Amino acid sequence: METKIQHLGVAVNSLDDALNFWRDALGLTLQEVEVVADQGVRVAMLPIGESRIELLEATGAETPVGKFLAKRGPGIHHLCVEVEDLAAKLADLKARGIRLIDEEPRVGAGGALVAFVHPASTGGVLLELTQRGTGTH
Ligand code: ZN
């Protein structure tokens, strides 16, 4: 399977504060900021080579990222790997007994098809899968 790390998701308390580092100090370019309402996040995408840093700010305390921040504090939240055919990959993983958070693809940041795999099956890493060629990122 030819693939890549599509992005690395980092949970932050404040996008503005995080951009002071990732954009202003480190020198990455801010591609865009987007609200993904059904996930309860404001997302800032900063391309880095063939990949991206995805900064995630919760829109409220009762969102997945809000709960993550309350429990673990800011830091690496998930890794996103690109796949060719997301529905087929999910069916294959399910058949292998892998625990999925999303059994069907759904629409994530940038309109991309995404699905999450539970950390219990990945060695403790929340893994997002995204289908190549979907979305604007
Ligand atoms: Zn992501």
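Model, not experiment: these values are computed from the prediction. (Residues numbered from 1 in each chain as written. Predicted model: local features only at pLDDT ≥ 70, side-chain atom pairs only at ≥ 80, totals over all residues. Heavy atoms only, no water.)

Bringing the side chain of glutamate 82 into the picture now. Among the structural elements, glutamate 82 can be located in strand S5 (residues 75-83). Residue glutamate 82 is classed as buried on the basis of its relative accessible area of 10%. Leave out the neighbours within four places in its chain, and glutamate 82 touches Thr3, Lys4, Gln6, Thr130 and Arg132. (Helix = DSSP H or I, 4+ residues; strand = E, 2+ residues; numbered from the N terminus. Buried < 20%, exposed > 50% of the residue type's maximum accessible area, 1.4 Å probe, protein only. Contact = heavy atoms within 4.5 Å.)

Our focus in this paragraph is the environment of isoleucine 5. By the element assignment, isoleucine 5 lies in strand S1 (residues 5-12). For the pair isoleucine 5 and threonine 136, spaced 131 residues apart in sequence, the C-alpha to C-alpha distance is 16 Å. If we skip the residues at most four places from it in the chain, isoleucine 5 touches Glu50, Ser51, Leu79 and Cys80.

In this section: the coordination of the zinc ion. Four donors placed tetrahedrally around a metal ideally meet at 109.5 degrees, and six donors placed octahedrally ideally meet at 90 or 180 degrees. Those protein atoms acting as donors to the zinc ion are His7 (NE2), Glu54 (OE), His78 (NE2) and Glu128 (OE), and they sit at 2.0 to 2.3 Å. Note that the zinc ion binds four donor atoms; their angles at the metal cover 85 to 171°, and the shape is irregular. One chain supplies every donor to the zinc ion, and in sequence these donors are spaced H-x46-E-x23-H-x49-E. Residue glutamate 54 is located in strand S4 (residues 51-58), and its partner glutamate 128 is located in strand S8 (residues 127-131); the two are separated by 74 residues in the primary sequence. Side by side, glutamate 54 and glutamate 128 carry an identical accessibility label, which is buried. (Donors = N, O, S within 2.8 Å, 3.2 Å for Na, K, Ca; no water. Tetrahedral: all angles 85-135°; square planar, octahedral: opposite > 155°, others 65-115°.)

Within the sequence span of helix H2 (residues 64-72), burial applies to Val65, Gly66, Phe68 and Leu69. An end-on view of H2 places all buried positions within 160° of arc, on one side of the element. For H2, exposure combined with an orientation more than 90 degrees from the buried face picks out Pro64, Ala70 and Lys71. Buried residues along H2 sit in contact with S1, strand S3 (41-48), S4 and S5. A positive backbone phi angle near 80° is found at glycine 73, which sits one or two residues after H2. (Arc of directions from axis to C-beta.)

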